[in-house]
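# Structural overview for review
In case you want the letters, here they are:
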Amino acid sequence: MNPSPDLDKLDQRVSTSSTSDTKGTTVNPVDTHCPYCALQCAMTLTPAATPGRPTDAISLPVSIAGRAFPTNRGGLCKKGWTAAELLDSADRIREPMRRRPDGSFAPVSWAEALDLVAEKLLAGRAEHGADSVGVFGGGGLTNEKAYQLGKFTRLALGSSRIDYNGRFCMSSAAAAGNRAFGLDRGLPFRVEDLDAADTILMLGSNVAQTMPPFIGHLDGARQAGGLIVVDPRRTATARLTDDGAGMHVQPAPGTDLVLLLGLTHLVLAERLADTDYLARRTTGLTQLRLSVAGWYPHRVQEHTGVPVWQLRELARRLAAGRGSYILTGRGVEQHVDGTDTATAAINLALVLGLVGTTHSGYGTLTGQGNGQGGREHGQKCDQLPGYRKITDPAARAHVAGVWGVDPAVIPGAGIPAVELLGALGRPGGIRTLLVHGANVVVSAPDADSVRRGLKNLDFLVVCDFFFSETAALADVVLPVTQWAEEEGTMTSLEGRVIRRRRAIDPPAGVRSELWIFQELARRLDAPGVYSAEPGEVFDELCRASAGGVADYSGLDYALLDTGEPAYWPYPVGSTGTPRLFLDRFAHDDGRARIVAVTPRAVPAPAQTQGALTLITGRLLEHYQSGAQTRRVPELSGAQPEARMQVHPATAVGLGVIDGGWVELTNERGVVRCRAQLSTDIRPDTVFLPFHFPADQRANLLTAAATDPISGMPEFKRTAVRVRAIAAPGRPATDHERVMADA
Ligand SMILES: Nc1nc2c(c(=O)[nH]1)N[C@H]1C(S)=C(S)[C@@H](COP(=O)(O)OP(=O)(O)OC[C@H]3O[C@@H](n4cnc5c(=O)[nH]c(N)nc54)[C@H](O)[C@@H]3O)O[C@H]1N2
Ligand SMILES: Nc1nc2c(c(=O)[nH]1)N[C@H]1C(S)=C(S)[C@@H](COP(=O)(O)OP(=O)(O)OC[C@H]3O[C@@H](n4cnc5c(=O)[nH]c(N)nc54)[C@H](O)[C@@H]3O)O[C@H]1N2
Ligand code: SF4
Ligand SMILES: [Mo]
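Residues numbered from 1 in each chain as written. Chains lettered and ligands numbered in written order. Predicted model: local features only at pLDDT ≥ 70, side-chain atom pairs only at ≥ 80, totals over all residues. Heavy atoms only, no water.

A few words on the overall build of the protein. The helix and strand inventory of the protein stands at 24 helices and 29 strands. Relative to a compact globule of 742 residues, whose C-alpha radius of gyration would be 27 Å, the protein shows 25 Å and is just as compact. In terms of its C-alpha atoms, the protein occupies a principal-axis envelope of roughly 70 × 65 × 65 Å. Looking at the protein as a whole, 63% of its 742 residues qualify as buried. Expressed as a percentage of contacts within the protein between residues at least 6 apart in sequence, the contacts between residues at least 24 apart total 73%. Summed over all atoms, the accessible surface of the protein reaches about 25400 Å², with 51% contributed by carbon and sulfur. (Helix = DSSP H or I, 4+ residues; strand = E, 2+ residues; numbered from the N terminus. Rg over C-alpha atoms; globule rule 2.2 N^0.38 Å. Buried < 20%, exposed > 50% of the residue type's maximum accessible area, 1.4 Å probe, protein only. Contact = heavy atoms within 4.5 Å. Areas by Shrake-Rupley, 256 points an atom, 1.4 Å probe, with all protein chains shown as cover.)

Structure follows, in structure tokens:
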């Protein structure tokens, strides 16, 4: 294999920092991290010397350079290095906007906007009760914003109805980690630990496109011939296994649970299990043996389509590896059985004795920029800061003490995201909604029913930088600061707490969310103190987390600013925890729990006559709902619209040609886009990216069915019918799409 592969092809760039502009004026570079994904690549921002739009070669408010850091080693992907375009985008909202009766938006002053929002919140609560006011947060918010949003909802609004888009992302893996290990930190080890591994099994993750600099950490395994990628598509990541670097396993979508049970069966049957480890460090082996007994290789092949020889080779490879890691991504987690599938991956890792050592392990690759911190500080419906349970009296007492309120004031558990969205605009449901950092009109399952729910609300407030498809439906839109304009902390996919730093001032009419919470809390006469200073909020967050699972109490900005690695748990007096579980797991008995899981009878969509299985996911150039990246010319130029990936053999049968238009339909919706023919996908499966708006929303087709344990929606397996259609005319412009959505 070629050891430092494909970097150009994957559009990764390592750049050098510059500290002066073209006129030679010295400017102060600021070290921070990327605004997008959880790899949190380190970058240096160099502000343009002239305030406002400069005329020299640095034509943006800041220039961006990759910075040396263990996760990205100076590299940035295309999204990272073009992120400065978001700061002075012509689409940026620069003052509060209020919807007029005719549907158009007009600018209003901050005082007017906040007075109106406070009035509507009070009126909604008085008329329909506190739980008629809902809050929807995001895994992109800093720790400080996520913490304050949870506190504001519980105290200032008195509502239990808060949840966030991380429910769409990390909830199944989190539930599996909690029940197996007693704690959920996506990677319980450092990303750089992977460098020394000789076998890495990646299930349902396309890191080459979703975290390009990460692939450098796969080089060791590739050189040892041990990278194994499980994906129904031959993705850029699957291609990294070519030329003897490993193996691509291509199961039918949604069959990973059976695949993992089959591998566990083989490991036990062929006596490849680490029996000493199982006896010392785990409970539950007996039930596991029973649950996998029937999953012999031929039966697994029948269910998954993975040949017996591949199953055997995979089991042996994992057991023989000097350092083996099992990693899961959204491809195996975003299913109605996602928690059980992640559990089965953990069980396989436990049977092999991989978890809680210095050289092997199990991990889930957290997705959003603060997808880890976002799930620790109280935006989850059942949770208080420090990853505490809102139903635990001791947790309530501790947090109430920090907040200076009676524990009885804190509402009980709320409802998870999909249920919350399902209650929008319904009698007895949510009548007023605040949205902070999510674009649910594009990203939520069964998106059109979510759009209808939003339209039926009495009042919708959206904080954003842009008129996202969700903001376009709001009554009031409040413009907020972006990453380069604010201070804060983020917790990366490794559980490492890092600093976000302000490099430039925000536009004059833009405010921080912390300031907005403070102003609204004052108007609502809320109990508790709401600082608008990120450092003060972080100190409070650390105190609130003390003694919790995700304990940050030994941290402060001064310590983080030294650049010393800070992995939680980081209680007072410790130096943090880069690797978890080395001595014990977080359950009371110190052991990991093997929870036996079995597949429920979920019929394969493709068994429905004439239907294909739709899987959804990501493209390199776009981030999530595309609200941000569709506004970056270099990115939207490269990927201007959705394309449905389909196998040529399937396309022939449907009369579909490469670049020709297709219509995907099911009982929920219709998507029209062009087709892209490719032998990289299974003939029974088609793929759509979910980044596009209007009638190209993949989520018009997905169902609001959820995993019973985690509340994770089924994004990755949907039955659709596909037919060729004539071109639906000129593609709509972005403006038309937003207006059509509104
Ligand atoms: N470019 C880009 N990068 C991103 C993001 C983005 O939007 N764009 N988002 C960030 C976020 S929030 C997240 S959560 C991560 C997600 O990162 P990934 O998990 O890598 O992303 P996905 O593309 O959703 O899914 C990964 C793969 O799962 C495969 N898959 C689908 N169904 C199945 C199945 O049933 N079994 C198996 N084994 N595989 C299946 C898909 O073919 C796809 O290649 O990316 C982060 N990084
Ligand atoms: N079909 C399908 N659907 C999916 C997925 C899939 O694989 N397939 N993946 C799911 C996953 S993993 C995820 S994480 C979700 C993500 O889905 P979304 O939540 O819709 O993700 P974003 O596009 O990141 O939306 C964030 C919005 O908040 C704004 N924003 C960014 N930062 C801030 C901030 O600090 N404050 C405020 N107020 N606003 C901010 C952005 O401009 C943007 O409009 O989508 C899910 N939906
Ligand atoms: S991989 Fe993620 S963190 Fe790194 S530059 Fe790309 S989007 Fe940013
Ligand atoms: Mo995500």
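Bringing the environment of Ala176 into the picture now. Examined against the element boundaries, Ala176 turns out to sit in helix H4 (residues 171–181). Once the C-alpha coordinates of Ala176 and Leu288 are considered, the two residues, 112 residues apart in sequence, prove to be 15 Å apart. Not counting residues within four places of it along the chain, the set of residues in contact with Ala176 comprises Thr339, Ala342, Thr343 and Ile346.

Taking strand neighbours across the sheet as the criterion, the seven strands line up as S7-S6-S20-S19-S18-S8-S9 in an open arrangement whose pairing is mixed. Bordering the open sheet on either side are strand S7 (105–107) and strand S9 (162–164), each of which pairs with just one other strand. Each strand axis lies, on average, 20° off the axis of its neighbour in the sheet, ignoring direction. Two strands pair when backbone bridges link them, and strand S18 (residues 432–436) and strand S19 (residues 459–464) are joined in this way by five bridges, in the parallel orientation. Pairing of His436 across the sheet is with Cys463, part of S19. Against the sheet, helix H2 (residues 110–128) contacts strand S6 (97–99), strand S8 (133–137), S18, S19 and strand S20 (476–479), and its axis sits at roughly 130° relative to S20. (Pairing = 2+ DSSP bridges. Axes fitted to C-alpha atoms, helices over the stretch in contact; angles between N-to-C directions.)

It is worth spelling out the nonpolar core at this point. Core analysis: the largest hydrophobic core is formed by 159 residues, its most contacted members being Phe152, Phe181, Ile200, Phe214 and Ile326. The element that contributes the greatest number of residues to this core is helix H8 (residues 256–269), accounting for nine residues. Core analysis: the second largest hydrophobic core is formed by 29 residues, Leu421, Ala423, Ala438 and Val450 among them. (Core = buried A, V, L, I, M, F, W, Y, C linked by side-chain atoms within 4.5 Å.)

Turning to the sheet that holds strand S3 (residues 42–47), a few remarks are in order. If you walk across this open sheet you meet the three strands as S2-S3-S4, and the pairing is antiparallel. Bordering the open sheet on either side are strand S2 (30–33) and strand S4 (62–66), each of which pairs with just one other strand. With direction set aside, neighbouring strand axes in the sheet form an average angle of 35°. Bridge count between S2 and S3: four bridges; the pairing is antiparallel. Residue pairing in the sheet places Thr32 in a bridge with Met43 of S3.

Attention shifts here to a negative patch on the surface. Among the surface-exposed residues, Glu533, Glu536, Asp539 and Asp556 lie close enough to one another that they form a single negatively charged patch. You can see Asp539 is positioned in helix H20 (residues 534–545). (Patch = residues over 30% accessible without salt bridge, like charges linked within 9 Å, V, L, I, M, F, W, Y side chains within 5 Å. Salt bridge = Lys/Arg side-chain N within 4 Å of Asp/Glu carboxyl O. Lys, Arg positive; Asp, Glu negative; His and termini not counted. Charge placed at Lys NZ, Arg CZ, Asp CG, Glu CD.)

Turning our eyes to something else, we now look at the packing of H2 against helix H19 (residues 513–523). Two elements in contact, H2 and H19, have axes whose closest approach is 9 Å; the angle formed by their N-to-C orientations is 55°. One element, H2, and the other, H19, form an angle in the oblique class. Where H2 crosses over H19, the two elements pack in a sense that is right-handed. Residues Trp110, Ala111, Leu114, Asp115, Val117, Ala118 and Leu122 of H2 form the contact with H19, whose participating residues are Trp515, Ile516, Glu519, Leu520 and Arg523. Grouping the constituent residues of the contact of H2 with H19 by class yields nine nonpolar, no polar and three charged. (Parallel < 35°, antiparallel > 145°, perpendicular 65-115°, else oblique. Left-handed = near helix turned anticlockwise from the far one by under 90°. Nonpolar A, V, L, I, M, F, W, Y, C, P; charged D, E, K, R; others polar.)

Structurally, Ser159 is set in the loop between helix H3 (143–156) and S9. A residue is classified by how much of its surface remains accessible, and Ser159, at 0% relative accessible area, is buried. A polar atom in the side chain of Ser159 sits 2.7 Å from the backbone oxygen of Val133. Looking at Ser159, its side chain comes within polar contact range of the main-chain nitrogen of Arg161, at 2.9 Å. Non-local contacts of Ser159, meaning those with residues more than four positions away in its chain, are made with Ala130, Asp131, Val133, Thr153, Arg154 and Pro411. (Polar contact = N/O pair within 3.5 Å; in protein donor to acceptor, adjacent residues only side chain to side chain.)

Once that is clear, we can look at the packing of aromatic side chains. Remark: the centre distance and the inter-plane angle together describe each pair of aromatic rings, the angle taken between the planes. Applying the stated criterion across every chain, the model contains 15 aromatic pairs. A centroid spacing of 4.8 Å and a plane angle of 50° characterise the contact between Phe105 and Phe467, whose relative ring orientation is tilted. Placement of Phe105 in strand S7 and of Phe467 in the loop between S19 and S20 is noted, with a sequence separation of 362 residues between them. Here the aromatic rings of Phe181 and Tyr362 are separated by 6.5 Å at their centres, their planes lie at 45°, and the arrangement is tilted. Taken together, the residues span a long stretch of sequence, with Phe181 in helix H4 and Tyr362 in strand S15 (residues 361–364) at a distance of 181 residues. We note that Phe181, like Tyr362, is buried. Feature note: the residues Phe181, Tyr362, Phe581 and Phe585 constitute an aromatic cluster, connected by ring pairs. Geometry around Tyr530 places Lys151 over its ring, the cationic atom sitting 5.0 Å from the centre. (Phe/Tyr/Trp six-rings, centres within 6.5 Å; stacked < 30°, edge-to-face > 60°. Lys NZ or Arg CZ within 6 Å of the ring centre and 35° of its normal.)

This part is about the site of ligand 3. Neighbouring residues of ligand 3: Cys34, Tyr36, Cys37, Gln40, Cys41, Leu76, Cys77, Lys79, Gly80, Met211, Pro212 and Pro213. Within the residue set of the shell around ligand 3, elements represented by two or more residues are strand S5 (75–77) and helix H1 (78–81). When we break the shell around ligand 3 down by domain, the ones giving at least three residues each are domain 1 (5–86) and domain 3 (171–364). (Near = heavy atom within 4 Å. Domains from an automatic or database assignment.)

Right, let's talk about the confidence of the model for the protein for a bit. Taken over all residues, the pLDDT of the protein has a mean of 93, while the share at 70 or more is 92%. Of the regions scoring below 50 in pLDDT, residues 2–10 engages in 17 contacts with residues more than four places distant in sequence or in other chains. Within the model, the stretch residues 53–57 combines pLDDT values under 50 with 10 contacts to residues more than four positions away or in other chains. (pLDDT = per-residue confidence, 0-100.)

The subject of this paragraph is the domain arrangement of the protein. Structurally, the protein comprises domain 1 (5–86), domain 2 (97–169 + 380–532), domain 3 (171–364) and domain 4 (607–741). At the junction of the two partners, domain 1 supplies 21 residues and domain 2 supplies 16 residues. Where domain 1 abuts domain 2, roughly 1400 Å² becomes buried across the two surfaces, and 68% of that area is made up of carbon and sulfur atoms. At the surface where domain 1 touches domain 2, the tally comes to zero salt bridges. (Buried area = accessible area lost by both parts, 1.4 Å probe.)

Below, the discussion takes up the pattern of salt bridges. Per the stated rule, a full pass over the model turns up 43 salt bridges. Here Glu513 makes a salt bridge to Lys145, at a shortest N to O gap of 3.4 Å. Of this pair, Glu513 sits in helix H19 while Lys145 sits in helix H3; the two residues are 368 residues apart in sequence, bridging distant segments of the chain. Here Glu513 falls in the buried class, since its relative accessible area comes to 4%. Put simply, Asp561 and Arg499 hold a salt bridge, and the shortest N to O gap is 3.0 Å. One end of the pair, Asp561, is in helix H21 (residues 557–561); the other, Arg499, is in strand S22 (residues 497–500), and 62 residues separate them in sequence. Ionic contacts of the salt-bridge type, sharing partners, join the residues Asp115, Glu519, Arg522 and Arg523 into one network.

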